[in-house]
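Residue-level listing of the chains:
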Number of protein chains: 2
Amino acid sequence: MRARRATINDVADAAGLSRGTVSRVVNGEKYVSAEARMAVEAAIAQVGYVRNTAARNLVTQESRAIGLIIHEPHSLLFEDPNIGSILLGANEALSKADYQLVTLIIDSDRDSHRVADHLRGGLIDGAVIVSARASDPIAAAVADIGLPAAFVGHPDGTPDLPYAAIDNVEAARAITSRLLGTGRQRVGMIASALDRDSGQDRLAGFRAAMGERYDPRLVVEYPLYTYAAGFEGMQKLLRRDPSIDGVFAASDAVAAGAMTALQEAGRRVPEDVGIVGFDDSSWALRCRPQLSTVRQPAGLLGTTAAELVLAQLMGLPSSPRVLETVVMWRGSA
Amino acid sequence: MRARRATINDVADAAGLSRGTVSRVVNGEKYVSAEARMAVEAAIAQVGYVRNTAARNLVTQESRAIGLIIHEPHSLLFEDPNIGSILLGANEALSKADYQLVTLIIDSDRDSHRVADHLRGGLIDGAVIVSARASDPIAAAVADIGLPAAFVGHPDGTPDLPYAAIDNVEAARAITSRLLGTGRQRVGMIASALDRDSGQDRLAGFRAAMGERYDPRLVVEYPLYTYAAGFEGMQKLLRRDPSIDGVFAASDAVAAGAMTALQEAGRRVPEDVGIVGFDDSSWALRCRPQLSTVRQPAGLLGTTAAELVLAQLMGLPSSPRVLETVVMWRGSA
DNA sequence: GAACGCTCTGTGAACGCTCCCAGAAACCGC
DNA sequence: GCGGTTTCTGGGAGCGTTCACAGAGCGTTC
């Protein structure tokens, strides 16, 4: 099949030096003469040597790879643009530290086992866990193995691992207050993803901002942050109370769906109904009018979580980090 | 740090058998007595053994991992829902064959080198290459190394590797003809991504369908399949010829942008202008009216490309596959 | 009862690398 | 010139597997 690959011994022979010296050059260690270093480099180029990673991993007992565990149903995986940004952000931090990012996707029970084996198999030195649910078994497995890891977000009932997150409660409270500040009288919410911390917290923030004006009849709940949830949720809210004049949607995708439903029902946005979202994803600028929303630094969440894992790997202490959010006020409310 | 992991020898000792027998049990080979098998299984559970993959890879000279190489700018990575579907489709096929999918993202030159090293380092037995450009260096590197690989799509000027693709020319021709069939007189196109085969071929199909009616002034070109490209492109077409009454957008995202531009310009869709897209992505159902478009089986493309790589790994011949597309006729034209 | 074939088990030899120790060579200060 | 330190190199040992081979045990056939 493929030609036999050159080994460190071939390089040593070609350079007229020993294995040990070649290894020192390859790993950039001290105590190599300039002369030897040049000879080795020439020999490497000559024989086309590339280090065999499996052999290295075997002896060093590490892999220089970090897993990004995504536990998310099919449909949502790429409808939610945050996941892509988190992925790229984590990739950036790891790439800088010369680690390889390995994406592990769980979308069935079989995947769940395969991923757990992968974790245990020593193919990965650490993990970034994205979009875990409350009491997620894979998160428990990670903690159980004792693998250095960090969450993006921090679901309840999960092991005591560091995380990179935003304060969803406070951010939701802030944008709801702002919406109320435009003089709306009947404000509802389309809540989503109550099986994870972000969904719960956004609802809690909404409730906090509403205070006495909170009316459970004006809150509808959907399992996922989707456009479809927003569309249906808004129709349901309009049926429940045609006088509704403000809506907080749990994400931009949800808000976009809600806006379509409002416009089809003949309501003007923002004149008749003000609407605000959450994420400041690409949805926000695509809506007409553009969405008022909360900007969350998705890429930075990924980068930060990756850095938390790297810190653990270097034996440094790593503690949770809460990143700032900003209310982006545009035309939808 | 972490406790020392149990090895195959620990299992052998616990079971009172030899390394070889344990290995045979772990790999499900023949010639193991039921008695021995049970003893080994009990011992594995007792000592908590998990196979060390690095050691295995070292001796077998394979990794049971397949790379999915995505070469795409930041912004587009998750705006294009096809990529997510391809990823999941490939994951499914590989997961079934007990291979692990490793996602390799190239979005800078440094990434490009790191990925090339990763390929060469023996960490991967094969590769699925998504969204390569014409004459993509990473594709050349893959061919150079002699790694079994397959493309999704098949850019010009790339090495002679099998691919899973759709017939973009024919599909574009078909939907353009259908658009013409609604009686449109002035039909234009918003072309995109002419640096890759899909972009080129969709333009070629459009031109073929238009025949003598083809007017280069009614074709605008943008580098990426984005909403923004559609929005701007439509405005430009309207300026060039206000009597335009039909548009073929190179993707659904582009079509969605174009539709917004038309509606802002006070044109009714489909009464004043008919518009068709390409992909049948989640964009299509989100538009009002819903988009007429070409359904391309993105998940199946990923699955098929993965299978082509697996076939090569098993020494079977693998030849290009062209998958079927279907015109989905909805309300936008 | 010898010869053969099948099933099953144990063991030495790799795989390609890093780590560590021993020792050579060079440099320093007194 | 001598002991001590620092710089540099070589090579044995070992990481945890799989693989190939040797050989034991047992049943079948002539």
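Residues numbered from 1 in each chain as written. Chains lettered and ligands numbered in written order. Predicted model: local features only at pLDDT ≥ 70, side-chain atom pairs only at ≥ 80, totals over all residues. Heavy atoms only, no water.

Draft legend 1. Representation of the overall build of chain A within the structure. Counting its regular elements, chain A contains 14 helices and 12 strands. The globule rule puts the C-alpha radius of gyration for 333 residues at 20 Å, and the 26 Å found for chain A is more than 25% above it. With respect to the three principal axes, the spread of C-alpha positions in chain A is 85 × 40 × 35 Å. Burial status across chain A gives 55% buried among its 333 residues. (Helix = DSSP H or I, 4+ residues; strand = E, 2+ residues; numbered from the N terminus. Rg over C-alpha atoms; globule rule 2.2 N^0.38 Å. Buried < 20%, exposed > 50% of the residue type's maximum accessible area, 1.4 Å probe, protein only.)

Draft legend 2. The arrangement of the domain arrangement of chain A in detail. Taken as a whole, chain A is organised into domain 1 (8-51), domain 2 (65-164 + 299-322) and domain 3 (168-295). When each unit is reduced to the centre of its C-alpha atoms, the spacing between domain 1 of chain A and domain 2 of chain A is 37 Å. (Domains from an automatic or database assignment.)

Draft legend 3. Highlighting the interface of chain B and chain A. With 50 residues of chain B at the contact, the number on the chain A side is 50 residues. Where chain B touches chain A, the interface holds 2 salt bridges. A salt bridge links B:E264 to A:R288; the nearest nitrogen and oxygen atoms lie 2.9 Å apart. Where chain B touches chain A, the interface holds 5 residue pairs in polar contact (both at pLDDT 80 or more). At the level of elements, α4 (53-60), α5 (74-77), α6 (81-96), β2 (100-106), α7 (109-120), α11 (227-240), α12 (252-264) and α13 (282-286) of chain B are the ones that each hand at least two residues to the side of chain B that touches chain A. Tallied by class, residues from the side of chain B that touches chain A come to 20 nonpolar, 15 polar and 15 charged. (Contact = heavy atoms within 4.5 Å. Salt bridge = Lys/Arg side-chain N within 4 Å of Asp/Glu carboxyl O. Polar contact = N/O pair within 3.5 Å; in protein donor to acceptor, adjacent residues only side chain to side chain. Nonpolar A, V, L, I, M, F, W, Y, C, P; charged D, E, K, R; others polar.)

Draft legend 4. Just the pattern of salt bridges, in detail. Scanning all chains against the criterion turns up 22 salt bridges over all chains. Residue B:D279 is joined to B:R202 by a salt bridge in which the shortest nitrogen-to-oxygen separation is 3.9 Å. Of the two residues, B:D279 sits in the loop between β9 (274-276) and α13 while B:R202 sits in helix α10 (residues 197-210), which places them 77 residues apart along the sequence. In this structure, a network of salt bridges that share partners links the residues A:R186, A:D215 and A:D241.

Draft legend 5. Highlighting the pairing of strand β5 (residues 163-166) of chain A. All names here are of chain A. Where burial is concerned, the two faces of β5 agree: the one with Y163 and A165 and the one with A164 and I166 are both buried. With 2 bridges joining them, strand β4 (residues 149-152) and β5 adopt parallel strand pairing. Looking at β5, one finds that V152 is bridged to A164. One ladder, built from 3 bridges, connects β5 with strand β11 (residues 321-323); its direction is parallel. The residue of β11 that forms the bridge with A165 is V322. (Pairing = 2+ DSSP bridges.)

Draft legend 6. Structural view of the sheet that holds strand β8 (residues 246-249) of chain A. Residues and elements named next belong to chain A. Taken in spatial order, the 4 strands make up an open sheet running β7-β6-β8-β9, and their pairing is parallel. This sheet does not close on itself; its edge strands, each paired only once, are β7 (219-222) and β9 (274-276). For this sheet, the mean inter-axis angle between neighbouring strands, taken without regard to orientation, is 15 degrees. Of the strand pairs in this sheet, strand β6 (residues 187-192) and β7 are connected by 4 bridges, and their pairing is parallel. Bridge pairing in β7 places I190 opposite V220. In the packing of helix α10 (residues 197-210) onto the sheet, contacts are made with β6, β7 and β8, and the angle to β6 comes to roughly 165 degrees. Here helix α11 (residues 227-240) sits on the sheet and contacts β6, β7 and β8; the angle it forms with β7, its principal contact strand, is near 155 degrees. (Axes fitted to C-alpha atoms, helices over the stretch in contact; angles between N-to-C directions.)

Draft legend 7. Representation of the relation of the copies chain B and chain A. Under the fitted operation, chain B is carried onto chain A by 0.1 Å of movement along the axis and a turn of 180 degrees, and the coordinates agree to an RMSD of 0.1 Å. With respect to symmetry, the two chain copies, as superposed, fit the operation of a two-fold axis. An overlap of 100% is found between the interface residues of chain B and their copies at the interface of chain A, pointing to a shared contact surface. (Least-squares fit on C-alpha atoms with pLDDT ≥ 70 in both.)

Draft legend 8. View of the protein's contact with DNA strand C. Neighbouring residues of DNA strand C: 27 residues in total, closest A:I8, A:Y49, B:R19, B:Y31 and B:S33. The sugar-phosphate share of atoms of DNA strand C within 4 Å of the protein amounts to 66%. In the model, a phosphate oxygen of DNA strand C is placed 2.9 Å from a nitrogen or oxygen of the A:S23 side chain. Interatomic distance of 3.2 Å between a side-chain N/O atom of A:R51 and a phosphate oxygen of DNA strand C. Only α2 (19-26) and α4 (53-60) of chain A together with α2 (19-26) and α4 of chain B provide two or more residues apiece to the surface near DNA strand C. No other element matches the 5 residues that α4(A) contributes to the surface near DNA strand C. Split into classes, the residues belonging to the surface near DNA strand C amount to 11 nonpolar, 10 polar and 6 charged. (Near = heavy atom within 4 Å.)

Draft legend 9. Structural detail: the sheet that holds strand β5 (residues 163-166) of chain B. Residue and element names in this part refer to chain B. The 6 strands are arranged β2-β1-β3-β4-β5-β11 in an open sheet whose pairing can be described as parallel. Each having just a single partner strand, β2 and β11 (321-323) make up the two edges of the open sheet. Across the sheet, the mean angle from the axis of one strand to that of its neighbour is 20 degrees, orientation sign disregarded. Where α7 meets the sheet, it contacts β1 (65-71) and β2, and its direction lies at approximately 150 degrees from that of β2. Lying on the sheet, helix α8 (residues 137-145) is in contact with β1, β2, β3 (126-130) and β4 (149-152); it crosses β1 at an angle near 155 degrees.

Draft legend 10. Quick peek at the side chain of A:R202. All names here are of chain A. Classification of R202 as buried rests on a relative accessible area of 4%. At 2.9 Å, the side chain of R202 forms a polar contact with the side chain of N168. If we skip the residues at most four places from it in the chain, R202 touches N168, A172, M189, Y225, F248, A250, S251, F278, D279 and Q296.

Draft legend 11. Main features of the protein's contact with DNA strand D. As a structural note, the neighbourhood of DNA strand D is formed by 27 residues, with A:R19, A:S33, B:I8, B:S23 and B:Y49 the closest of them. The sugar and phosphate moieties of DNA strand D supply 63% of its atoms located within 4 Å of the protein. For the surface near DNA strand D, the elements supplying multiple residues, two or more each, are α2 and α4 of chain A together with α2 and α4 of chain B. Of the residues belonging to the surface near DNA strand D, the class tally is 12 nonpolar, 10 polar and 5 charged.

Draft legend 12. Structural view of unusual backbone geometry. Residues and elements named next belong to chain B. The amide bond that connects V269 to the next residue, P270, takes the cis arrangement and shows omega of 10 degrees. With omega at -10 degrees, the peptide bond leading from R288 into P289 counts as cis. Position of P289 among the secondary structure elements: in the loop between α13 and β10 (293-295). Positive phi is not limited to glycine here, since A193 has a value of about 50 degrees. Within the secondary structure, A193 sits in the loop between β6 (187-192) and α10.

Draft legend 13. Here's a closer look at the pairing of strand β8 (residues 246-249) of chain B. All names here are of chain B. Here β8 shows two buried faces, one formed by G246 and F248 and the other by V247 and A249. Bridge count between β6 and β8: 4 bridges; the pairing is parallel. The residue of β8 that forms the bridge with V187 is G246. Here β8 runs beside β9; their pairing, made up of 3 bridges, is parallel. When the sheet's bridge partners are listed, G246 is paired in β9 with G274.

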